[in-house]
Amino acid sequence: MPKQGMVKTEKEIAILREGGKRLAWILCALRDAIKPGITTGELDALAEKLMRDGGDEPAFLNYTPEGVPVPFPGSLCISVNDEIVHGIGGARVLKEGDIVGIDTGIKHKGLYTDSALTVPVGNIDENAKKLISATEGALTAGIAVARAGNTVGDIGYAIEKHVKEHGFVVVEELGGHGVGYKQHEDPHISNYGDKGKGLKLKAGMVLALEPIVNEGTRYIKLMPDHYTYVTRDHKRSAHFEHTILVTEGEAEVLTKRLSQ
Ligand code: MG
Ligand code: MG
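Please read all numbers here as calculations on a predicted model, not as lab measurements.

J.: Any chance you could explain the overall build of the protein chain here in plain terms?
T.: Looking only at helices and strands, the protein chain has four helices and 14 strands in total. The C-alpha atoms of the protein chain give a radius of gyration of 17 Å, which matches the 18 Å a tight globule of 260 residues would have. Along the longest, intermediate and shortest principal axes, the C-alpha atoms of the protein chain span 45 × 40 × 40 Å. Burial statistics for the protein chain: of 260 residues in total, 53% are counted as buried. Pairs at least 24 residues apart make up 71% of the contacts formed inside the protein chain by residues separated by at least 6 positions. Approximately 11400 Å² of the protein chain is accessible, and the part contributed by carbon and sulfur atoms is 53%. The distance from the centre of the 31 positive side-chain charges to the centre of the 36 negative ones in the protein chain is 3 Å.

See below:
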């Protein structure tokens, strides 16, 4: 299996398609388990169990990004309310009105897929609903322009435009990426950009698009655990992500969830 270049082979794509389906199913199960009273640690344990039961490896467990002194201790990133991404599961009890970002990845037959969504806990307020729907809409808008011949800048432009139109802001320090042989591959895909700028997309590229959207300020802060990012103003943040396959036409969403 070649480990270089951004365009995947048919054989690799078949494995990523299979992995994407498994990951989507796991995220649906996690979403359905989110209720007032469950802890973030219980969700993390459930994620790991579902992955291992399926014969796959949790991609995030013990992953150490460059420059970070400690490995990530969980199988799931769980980010509640003002936590933006990379939150760590633990004793925190979810309560009615929270919004919870769940982001995870698996290594299936040697290849990685990555996906996330933000889930309401019971009833949530109107602005939280708008934030979640604008973020999911931004992902759809990004996917719609992710086709061969367009550029990485076209994706960022479409995502930010959708977010701004709904009165929210994108986080500029974090974004999407290539995925497959590794959890994070080139290119980096900002959630803002200029039409026509940046790397040109080719059929066969596999990308993780992931708008990360704040309710208030776009500015972020890293917590002392080395992983959890929070909003500086402690307003809320939402996150949706899919692994997609670029084609000559509409992108194929490899991590598409079959149940809503
Ligand atoms: Mg992710
Ligand atoms: Mg990702």
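J.: Please explain the coordination of the magnesium ion (ligand 1) as it appears in this structure.
T.: Think of it this way: four donors in a tetrahedron around the metal ideally sit 109.5 degrees apart, and six in an octahedron ideally sit 90 or 180 degrees apart. Looking at the magnesium ion (ligand 1), the protein donor atoms are Asp103 (OD), Asp103 (OD), Asp114 (OD) and Glu241 (OE), and they sit 2.0 to 2.7 Å from it. One chain supplies every donor to the magnesium ion (ligand 1), and in sequence these donors are spaced D-x10-D-x126-E. A gap of 3.1 Å separates the magnesium ion (ligand 1) and the magnesium ion (ligand 2), which aspartate 114 links by coordinating each metal. Of this pair, aspartate 114 sits in strand S4 (residues 111–120) while glutamate 241 sits in the loop between strand S12 (237–239) and strand S13 (242–245), and the two are 127 residues apart along the sequence. Its relative accessible area of 3% is what places aspartate 114 among the buried residues.

J.: Whenever I open this one, the sheet that holds strand S9 (residues 212–214) confuses me. Can you help?
T.: Across a sheet, paired strands are connected by hydrogen bonds in the backbone, their directions being either parallel or antiparallel. In spatial order, the strands read S5-S9-S12; together these three strands make up an open sheet with antiparallel pairing. What marks the edges here is a single partner per strand, and that holds for strand S5 (169–170) and S12. In this sheet, S9 lies alongside S5 in antiparallel orientation, the contact comprising two bridges. Bridge assignment links valine 170 to a residue of S9, and that residue is valine 213. Across the sheet, helix H3 (residues 126–145) lies against S9 and S12, angled at about 35 degrees from S12, the strand it touches most.

J.: Which parts of the structure should I look at to understand the environment of proline 73?
T.: Within the secondary structure, proline 73 sits in the loop between strand S1 (57–58) and strand S2 (76–80). Setting aside residues up to four positions removed in sequence, proline 73 forms contacts with Leu61 and Ile88.

J.: Help me out: how do you make sense of the nonpolar core in this one?
T.: Across soluble globular proteins, nonpolar side chains have a tendency to be buried as a group. Counting 49 residues, the largest nonpolar core has Leu43, Ile102, Leu207 and Leu209 as its most contacted members. Residue assignment for this core shows that the elements contributing at least two residues are helix H1 (10–33), helix H2 (40–53), S2, strand S3 (99–108), S4, H3, helix H4 (152–165) and strand S8 (206–209). Looking at this core, the element that brings in the most residues is H3, giving seven residues. Leaving out residues up to four positions away in the same chain, leucine 43 has contacts with Leu30, Ala33, Ile34, Ile38, Leu76, Ile78 and Leu94. In terms of nonpolar packing, the next biggest core, distinct from the first, is built from 16 residues, Ile13, Cys77, Leu111 and Leu254 among them.

About the thresholds
- Residues numbered from 1 in each chain as written.
- Chains lettered and ligands numbered in written order.
- Predicted model: local features only at pLDDT ≥ 70, side-chain atom pairs only at ≥ 80, totals over all residues.
- Heavy atoms only, no water.
- Helix = DSSP H or I, 4+ residues; strand = E, 2+ residues; numbered from the N terminus.
- Rg over C-alpha atoms; globule rule 2.2 N^0.38 Å.
- Buried < 20%, exposed > 50% of the residue type's maximum accessible area, 1.4 Å probe, protein only.
- Contact = heavy atoms within 4.5 Å.
- Areas by Shrake-Rupley, 256 points an atom, 1.4 Å probe, with all protein chains shown as cover.
- Lys, Arg positive; Asp, Glu negative; His and termini not counted.
- Charge placed at Lys NZ, Arg CZ, Asp CG, Glu CD.
- Donors = N, O, S within 2.8 Å, 3.2 Å for Na, K, Ca; no water.
- Pairing = 2+ DSSP bridges.
- Axes fitted to C-alpha atoms, helices over the stretch in contact; angles between N-to-C directions.
- Core = buried A, V, L, I, M, F, W, Y, C linked by side-chain atoms within 4.5 Å.

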